[in-house]
There are 2 protein chains.
Amino acid sequence: MNQGRPLEFDPHLALQKAMEVFWRRGYEAASLQNLLSAMAISKSSFYQTFGSKHELFQRCLQLFRERQVRLMTAALEQAPSGKEFLRTMLRSAASEVVADEPPKGCLIMNTATEFSGRDAIVADLVGKGASQFTEVFRCAIERAQSVGEIDSGKDAEVLARYVVTTISGLKTMAKAGMQATAIEDVAELALSALS
Amino acid sequence: MNQGRPLEFDPHLALQKAMEVFWRRGYEAASLQNLLSAMAISKSSFYQTFGSKHELFQRCLQLFRERQVRLMTAALEQAPSGKEFLRTMLRSAASEVVADEPPKGCLIMNTATEFSGRDAIVADLVGKGASQFTEVFRCAIERAQSVGEIDSGKDAEVLARYVVTTISGLKTMAKAGMQATAIEDVAELALSALS
DNA sequence: TGACTTAAGGACTGATCGGTACATAATTAC
DNA sequence: GTAATTATGTACCGATCAGTCCTTAAGTCA
């Protein structure tokens, strides 16, 4: 068996770089030139390895979702309590405002906003992402319920959807120019609906 | 004084049509062709009247904001109570899901998501929109506070920002595929943080 | 060495992007 | 009528879009 000329780049690293471009610019505004520059590969390598801009985008959405779920799951495990984890997550939009400029938000929710119903494949990936995020928050809520931080009488699934909704809203508000302190106030108020 | 050849179209109607295109597709994905078709005018008329795609977009953002503030203010005036108005607004994302497909969301917040920091002029218009929406909700909350529907001890400004945030989040979730019933559950839960 | 396989370089594609130039049409003022 | 003014139609612009094709380079295997 022949192996041919070896790849001169790391496909996974290139994928990460592409994800960042989509994350920052969205799908439409991310030109192939933008992507190639960030990925530091040639056009031929790009099409050979990733097929098309749309296929690359799908892979970026999946990568983002996996990465995010992994990070959140790890954070939940290490958190002092379920509620503290939720507080940290709700405050994340505020951190984003003070950290890098401008805030990038969540790639999944950005994508939901950019092309809601215009692309069935993307809509499916977005829906999958949203439900997996909800799942992590449901775990956190159940953990908080088990120690009495949150009323066990409340439906954990509804609470989880509420958390996803609020975080998504806060990230949008961060992009709309809301100050970090205001975001923290709203996050704290949102938390009060959980207990 | 000479008046020259009269316009063969209604500039305000054309602007409304353009706004709908931007609302549905976003800025980048709205091509000049899309806009011209919807506005039912020629390219020459377009550039003569509106200057450029970007200027048109700015006018659409302003039109949307004015329209939205007008509609919300009227709805608040006619609402049985401040809190009932807030409930209706929070449920609007659910109505959007069952009504037209796919949901369009809020043009201002869609724009915040699409190009947060990449355009200073647009960022300014987005911020102006967000604060005017907040203002309307603050009025509703103060009205609710004055009749005891909402604890007067709470900061109306923070509550108003919370409402804007939650509605924005719900509209995003609607685009991400959340069911109408789930949206209503979350909206009701969100309301509980106000009392 | 040379056959084979795969990757990268670079020229090229048709389509579309937003925008312009200019001729023509429709109106008012005189 | 004619001049002046403004709107529309149409051809055109360079730039860029995503994507293809074909050559060349860099490896393995015999």
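Residues numbered from 1 in each chain as written. Chains lettered and ligands numbered in written order. Predicted model: local features only at pLDDT ≥ 70, side-chain atom pairs only at ≥ 80, totals over all residues. Heavy atoms only, no water.

K.L.:
Hey, could you run me through the packing of helix α3 (residues 43–50) of chain A against helix α4 (residues 53–78) of chain A in this one?
P.N.:
Axis angle and axis distance: for two packed helices, these are the angle between their axes and the distance between the axes, and together they describe the pair. Residues and elements named next belong to chain A. Across the interface, α3 lies against α4 with an axial gap of 9 Å and an inter-helix angle of 65°. The interaxial crossing formed by α3 with α4 has left-handed handedness. Along the contact surface, α3 presents F46, T49 and F50, while α4 presents K53, E55, L56 and R59. Considered class by class, the residues forming the contact of α3 with α4 number three nonpolar, one polar and three charged. (Axes fitted to C-alpha atoms, helices over the stretch in contact; angles between N-to-C directions. Helix = DSSP H or I, 4+ residues; strand = E, 2+ residues; numbered from the N terminus. Left-handed = near helix turned anticlockwise from the far one by under 90°. Contact = heavy atoms within 4.5 Å. Nonpolar A, V, L, I, M, F, W, Y, C, P; charged D, E, K, R; others polar.)

K.L.:
How should I be thinking about the packing of aromatic side chains in this particular structure?
P.N.:
Residue and element names in this part refer to chain A. Within the structure shown, the criterion is met by 18 aromatic pairs over all chains. Ring centres of F22 and Y27 lie 5.8 Å apart, and the angle between their planes is 15°; this geometry places the pair in the stacked category. A relative accessible area of 1% places F22 in the buried class. By relative accessible area, which is 11% here, Y27 ends up buried. Between F46 and F50, the aromatic rings sit 6.0 Å apart at their centres with planes inclined by 40°, giving tilted as the arrangement. Here the residue F46 and the residue F50 both occupy positions in helix α3, the gap between them amounting to four residues, near one helical turn. (Phe/Tyr/Trp six-rings, centres within 6.5 Å; stacked < 30°, edge-to-face > 60°. Buried < 20%, exposed > 50% of the residue type's maximum accessible area, 1.4 Å probe, protein only.)

K.L.:
Would you mind showing me how to read the pattern of salt bridges here?
P.N.:
Tallied over the full model, the rule gives 20 salt bridges over all chains. When the shortest N-O distance is used, the salt bridge between R138 of chain A and E135 of chain A registers 2.8 Å. One end of the pair, R138 of chain A, and the other, E135 of chain A, are both in helix α7 (residues 120–146), three residues apart, so they sit about a helical turn from each other. By relative accessible area, which is 19% here, R138 of chain A ends up buried. E142 of chain B serves as the salt-bridge partner of R138 of chain B, at 2.6 Å between the closest nitrogen and oxygen. Linking R138 of chain B with E142 of chain B, this pair stays in helix α7 (residues 120–146), spanning four residues, or about one helical turn. In this structure E142 of chain B comes out as partly exposed when scored by relative accessible area, which is 34%. (Salt bridge = Lys/Arg side-chain N within 4 Å of Asp/Glu carboxyl O.)

K.L.:
What am I meant to see in the side chain of D119 of chain B here?
P.N.:
All names here are of chain B. For D119, the position within the fold is in the loop between α6 (107–114) and α7. The buried charged residue D119 lacks any salt bridge, with R118 as its nearest oppositely charged partner at 8.3 Å. At 3.0 Å, the side chain of D119 and the backbone nitrogen of I121 are in polar contact. (Lys, Arg positive; Asp, Glu negative; His and termini not counted. Polar contact = N/O pair within 3.5 Å; in protein donor to acceptor, adjacent residues only side chain to side chain.)

K.L.:
Explain helix α9 (residues 180–192) of chain A here, please?
P.N.:
Every α-helix winds through 3.6 residues per turn, so residues three or four apart in the chain are directed the same way. The end-to-end C-alpha distance of α9 of chain A, which contains 13 residues, comes to 19 Å, matching closely the 18 Å that a straight helix rising 1.5 Å per residue would cover. Inspection of α9 of chain A places A180, A182, I183, V186, A187, L189, A190 and L191 of chain A among the buried residues, and these make up the whole buried set. At its buried positions, α9 of chain A is contacted by α5 (82–98) and α8 (156–175) of chain A together with α8 (156–175) of chain B. (Expected span 1.5 Å × (residues − 1).)

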